Amino acid sequence: LHKMSSLNFVNKRRLLRRKQRLLEKCIRKQKRKQKLLIHQILGKVHQCVDEFDYDLAVKLCRKALHLSPDDIRVLETAGMVMLETGLVDESYKYLKKAVKLSPHSGSTKYLYLGQMTCGEEAVTYLQKGIEIMTREQSKKKDLTNTSKSSVELSRAFCSLAEI
């Protein structure tokens, strides 16, 4: 009887481990699908902005934020779109969250925050954005992207000088 119960226990453990692996596999598959969906939504947001359809862009940003509230790309895109549509407080919230989640990469969020704030706070954001841009530019090998980022870097310095 003891042998039977220990075998039963071992079989149950195996079955539980198998179920756990299947569940983890299912979760990974779902996350891949969600990333693809987020990518498609963000593509549509950029298309809407290019076509000046800001109402739809805002709706799509909110959908993306609902699906993936901690995705840096979603937060930065939502921050940009909300700022473009005059939803400054909402934009600020998303950009600040992006900074919190990814403080050492992506200069755009810092440059937007530098434009949205005043005084010392604006200077701090712009300096951080410039620091990241400079670091990213030094890593690039492609000359066309380097000249484009040089223009963006010059604009950031001009914004800093205006403060």
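Up top you'll find the structure we're talking about.
Residues numbered from 1 in each chain as written. Predicted model: local features only at pLDDT ≥ 70, side-chain atom pairs only at ≥ 80, totals over all residues. Heavy atoms only, no water.

J.: Quick rundown of the packing of aromatic side chains? Include the residues and the values.
T.: Applying the stated criterion to the full structure yields 2 aromatic pairs. Ring geometry for Y110 versus Y125: centroids 6.4 Å apart, planes at 40 degrees, classification tilted. Linking Y110 in helix α5 (residues 108-116) with Y125 in helix α6 (residues 119-139), this pair joins segments that are 15 residues apart in sequence. Both residues of the pair, Y110 and Y125, belong to the buried class. (Phe/Tyr/Trp six-rings, centres within 6.5 Å; stacked < 30°, edge-to-face > 60°. Helix = DSSP H or I, 4+ residues; strand = E, 2+ residues; numbered from the N terminus. Buried < 20%, exposed > 50% of the residue type's maximum accessible area, 1.4 Å probe, protein only.)

J.: With reference to specific residues and values, describe the side chain of T117.
T.: By secondary structure assignment, the location of T117 is in the loop between α5 and α6. For T117, the side chain forms a polar contact with the main-chain oxygen of L113, separated by 2.8 Å. A polar atom in the side chain of T117 sits 3.4 Å from the backbone nitrogen of A122. (Polar contact = N/O pair within 3.5 Å; in protein donor to acceptor, adjacent residues only side chain to side chain.)

J.: Now, about the environment of I132: what can you tell me, with residues and values included?
T.: With respect to the helices, strands and loops of the structure, I132 is situated in helix α6. The class of I132 is buried, set by a relative accessible area of 0%. I132 sits 27 residues away from S105 along the chain, and the two C-alpha atoms are 6.4 Å apart. Setting aside anything within four residues of it in sequence, one finds I132 in contact with P103, H104, S105, G106, S107 and Y110. (Contact = heavy atoms within 4.5 Å.)

J.: Hey, could you go over unusual backbone geometry for me, with residue numbers and the actual values?
T.: Where the residue is not glycine, phi is negative for most of them; where a peptide bond is considered, it is trans in most cases. Backbone geometry at F52 places phi at a positive 60 degrees, although glycine is not the residue there. Relative to the assigned elements, F52 resides in the loop between α1 (2-50) and α2 (54-67). Since its relative accessible area comes to 64%, F52 is described here as exposed.

J.: Explain α6 to me, and be specific about the residues and the numbers.
T.: For α6, with 21 residues, the first-to-last C-alpha span of 31 Å sits near the 30 Å given by 1.5 Å per residue. Listed in full, the buried residues belonging to α6 are A122, Y125, L126, K128, G129, I130, I132, M133 and Q137. (Expected span 1.5 Å × (residues − 1).)

J.: Any details on helix α3 (residues 72-84)? Residues and values, ideally.
T.: For α3, which comprises 13 residues, the first-to-last C-alpha distance of 18 Å matches the rise-based estimate of 18 Å (1.5 Å per residue) to within 8%. Every buried residue of α3 is listed here: V74, L75, T77, A78, G79, M80, V81 and M82. The N-capping residue of α3, defined by a side-chain oxygen 2.8 Å from the backbone nitrogen of R73, is D71. Count one or two residues on from α3 and you reach G86, which has phi positive near 90 degrees.

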